[in-house]
Amino acid sequence: MRKDEPLRVLQQVYGYKEFRGQQAAIINAVCAGQDTLVIMPTGGGKSVCYQIPALLLEGLAIVVSPLIALMRDQVEALNQVGVSAAYLNSTLTRAAQQDVEDRARRGELDLLYIAPERLLQSDTLALFSRVRVCLVAIDEAHCVSAWGHDFRQDYLALNQLRSVFPDTPRLALTATADQRTQADIVDKLDLNAPQRFTHGFDRPNIYYSVQAKSNAKKQLLSFLRTHNGDSGIVYCLSRRSVESIASWLCQQGYVALPYHAGLDTAVRQDHQDRFLREDGVIVVATIAFGMGIDKPDVRFVAHLDLPKNMEAYYQETGRAGRDGLPADAWMLYGLQDVVRLSRMVDESSAAMAQKQIERSKLTRLLAWCEVTTCRRQALLAYFDDPTAAQTPCGHCDVCVHPPATWDATEPAQKALSCVYRTGQRFGAGHVIDVLRGQLNDKVEKFAHQALSTFGIGRDLSERQWRSVFRQLLARGFLQADHQRFGGLVLTPESKAILRGETKLMLRPDADKVDAEQVKATRTTRSDYVLPLEDEDLMQDLKALRGQLASAANVPPYVVFHDATLLGIVEHRPRNADELLEISGVGQAKLKKYGEDFLAVVRTHTMTTPAEQS
Ligand code: ADP
Ligand code: ZN
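Computed from a prediction, not measured in an experiment: that's the story for all the values here.

Undergrad: Please provide a residue-by-residue account of the coordination of the zinc ion (ligand 2), values included.
TA: Within the protein, the zinc ion (ligand 2) binds to C374 (SG), C393 (SG), C396 (SG) and C399 (SG); these donor distances fall in the range 2.3 to 2.4 Å. Taken together, the four donor atoms surrounding the zinc ion (ligand 2) define angles of 102 to 118° at the centre, an arrangement classified as tetrahedral. Mapping the donors of the zinc ion (ligand 2) onto the primary sequence gives the spacing C-x18-C-x2-C-x2-C. On the basis of relative accessible area, C396 is assigned to the buried category, the value being 0%. Residue classification places C399 among the partly exposed positions, given a relative accessible area of 22%.

So, in structure tokens, the structure goes:
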């Protein structure tokens, strides 16, 4: 292979000027026959790391992916740029499968995407014994690790790959793997002295923000005002809240579709297709939605309930802004979430050790919600990201609106002693009633008005107390004990506070957060607002893209990404050569779509009568 060969493919096939980050080094390692492990964030450009070797090396490249929904679009996108690719999974008819196998056998395919459970079936193995396989890429490689957040039994069998393909380089790729998960991947996939490429986890175009939950619907609405006409995902914990939020958003004039495992497969498929193929659709979903969503122009991911842990949060928010344009990761979190999630951990059927892992992961997530320093730095620190910047990012809620902290040591002491005095068996609501001296039935039933802590917290409102309790839970000074119906109990750490050895600085719960948030989000997106005449051209280009896409029955972004359309708007190419200069325009797409797009540009650059005279 010539040294400049990969770059030539990148330019001619994909229409990109240069490699990003370590792409070139990864491609060289793979082409040299080296086992390789790549950790690169979503949107970083993992696909070309195996696609370009697939084009350069003699034979068929196999791509193992658990994301069946994604395969069709990925293969479609490859076919669009003139690459010969196909997939094998359970959605194919017997005849279609036979056809793919025949093409593989005749050496007509460069890439074959395949679901893990198919790969090691005997007929598939028989096929591979008769074709030359030049590379095995294992996408979403974290699925092999129980320590990762998305363990899949099917992936364990992939340890056989080494004996099935002893001389074929294997490339494992994932967007999320901390040190332990990485070690697990190498071990479980039995990679042979792999070369590692770790890109760091930063997604600089994503603006992270977390708000205390007060009125979720109202907060969501004011957030959505900054995203008119954008595609986005709203995550909720339960099917019921998915349904209610989706229909409520529709009443508010949004195109919002529910998605959860309880819906009919056909309905789910339809909603996913509309999200992929139409502009400006919001999907309201449980975590059942998202695996296999490769839509590049998702402009926001909103969490109305807490995700399970940091890995899940990172994965879910990672679906925003794959195209590199500004995007929002926005989350609400409240006391109820904390209690509910820890109950889910306690009641799950997982083994004790697994529960402990999950509990400690939940605590880390909560602590992250309450950080008083740069949210991005804290996120990157969680993933032990060695490439993380030493300075605050200036592009997250904490950087833009640093929370004023207050000394909450005394209220915390009151709260903890009241938990203790009431017997460590009540939820926050009751303990707060006691603190605030509310004489109600429950208080009287347990004679809690007689306690020394009754009424010692009248100086704070109920809302302020909720904030204190939430943060005490988040920081591990209190725990919800689900053996005792979620009652709050002290932890070993509580002592230091009760004894006055630790000072506790907490965030205030600002009522004004909504308005500030809206402003903050606006400033982050200003670079994406086009001047009026450009906006007109953009709309026309999008309309053309829509027509071409539906004629070819592919999502619009498979024709061109928004970033490519923005490039066209900016440079207003006059001919094929100038169009080729735009990032994302390669030879195949130029031939297919070039004339159509140039024609639209021409209608917008005709000289005006004033200029002629
Ligand atoms: P990942 O799989 O890591 O999430 P993708 O492979 O889907 O990322 O790439 C993300 C986006 O970046 C895609 O639209 C891809 O075409 C684009 N891309 C990849 N490499 C480059 C490059 N060298 N220059 C410009 N765009 C690139
Ligand atoms: Zn920051």
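Here the narrative resumes, following the displayed structure.
Undergrad: Residue-level account of the packing of helix 16 (residues 352–369) against helix 17 (residues 375–382), with values.
TA: Taken N-terminus to C-terminus, the directions of helix 16 and helix 17 make an angle of 165°; their axes are 10 Å apart at the nearest point. Between helix 16 and helix 17, the interaxial angle falls into the category roughly antiparallel. Handedness of the helix 16/helix 17 crossing: right-handed. Where helix 16 abuts helix 17, its residues K361, R364, W368 and C369 lie against R375, A378, L379 and Y382. Partitioned by chemical class, the residues of the contact of helix 16 with helix 17 number five nonpolar, no polar and three charged.

Undergrad: Kindly report on the pairing of strand 4 (residues 111–114), identifying the contributing residues and their values.
TA: Residue alternation in strand 4 divides its side chains into two sets, L111 and Y113 and L112 and I114, and both sets are buried. Strand direction decides the pairing type here: strand 3 (residues 85–88) and strand 4, joined by four bridges, are parallel. Pairing of L88 across the sheet is with I114, part of strand 4. Handedness of the strand 3-helix 5 (residues 94–105)-strand 4 crossover: right-handed.

Cut-offs and rules
- Position labels on residues start from 1 in each chain and follow its written sequence.
- Chain letters start at A and ligand numbers start at 1, both assigned in the order the entries are written.
- The predicted origin of the model limits local features to residues at a pLDDT of at least 70 and limits the giving and counting of side-chain atom pairs to 80 or more, whereas totals for whole chains, interfaces and linings rest on all residues.
- Remark: hydrogens and water are excluded; side-chain values derive from all non-hydrogen atoms of the structure.
- Here a donor is any nitrogen, oxygen or sulfur atom (N, O, S) within 2.8 Å of the metal, with 3.2 Å used for Na, K and Ca; water is not among the atoms considered, so some sites may look incomplete.
- Geometry assignment treats four donors as tetrahedral when all angles are between 85 and 135 degrees, treats four as square planar and six as octahedral when opposite donors are over 155 degrees apart and all others between 65 and 115, and treats everything else as irregular.
- Three exposure classes are used, based on accessible area relative to the maximum for each residue type with a 1.4 Å probe and protein chains only: buried under 20%, partly exposed in between, and exposed over 50%.
- Comment: axis = line fitted to C-alpha atoms, over the contacting stretch for helices; angle = value between 0 and 180 degrees taken between N-to-C directions.
- Each helix is a run of DSSP H or I of at least 4 residues and each strand a run of E of at least 2, with the numbering of both proceeding from the N terminus.
- Orientation is classified from the angle alone, with under 35 degrees giving roughly parallel, over 145 giving roughly antiparallel, 65 to 115 giving roughly perpendicular, and any other angle giving oblique.
- Handedness of a crossing is defined here by the sense of rotation of the near helix relative to the far one, left-handed for an anticlockwise turn of less than a right angle and right-handed for a clockwise turn.
- What makes two residues a contact is simply this: any of their non-hydrogen atoms within 4.5 Å.
- Asp, Glu, Lys and Arg are counted as charged, while Ala, Val, Leu, Ile, Met, Phe, Trp, Tyr, Cys and Pro are counted as nonpolar; the rest, among them Gly, fall into the polar class.
- Two strands make a pair as long as DSSP finds a minimum of two bridges between them.
- Orient the strands so they point away from the viewer; a crossover is then right-handed if the path from the first strand over the helix to the second runs clockwise.

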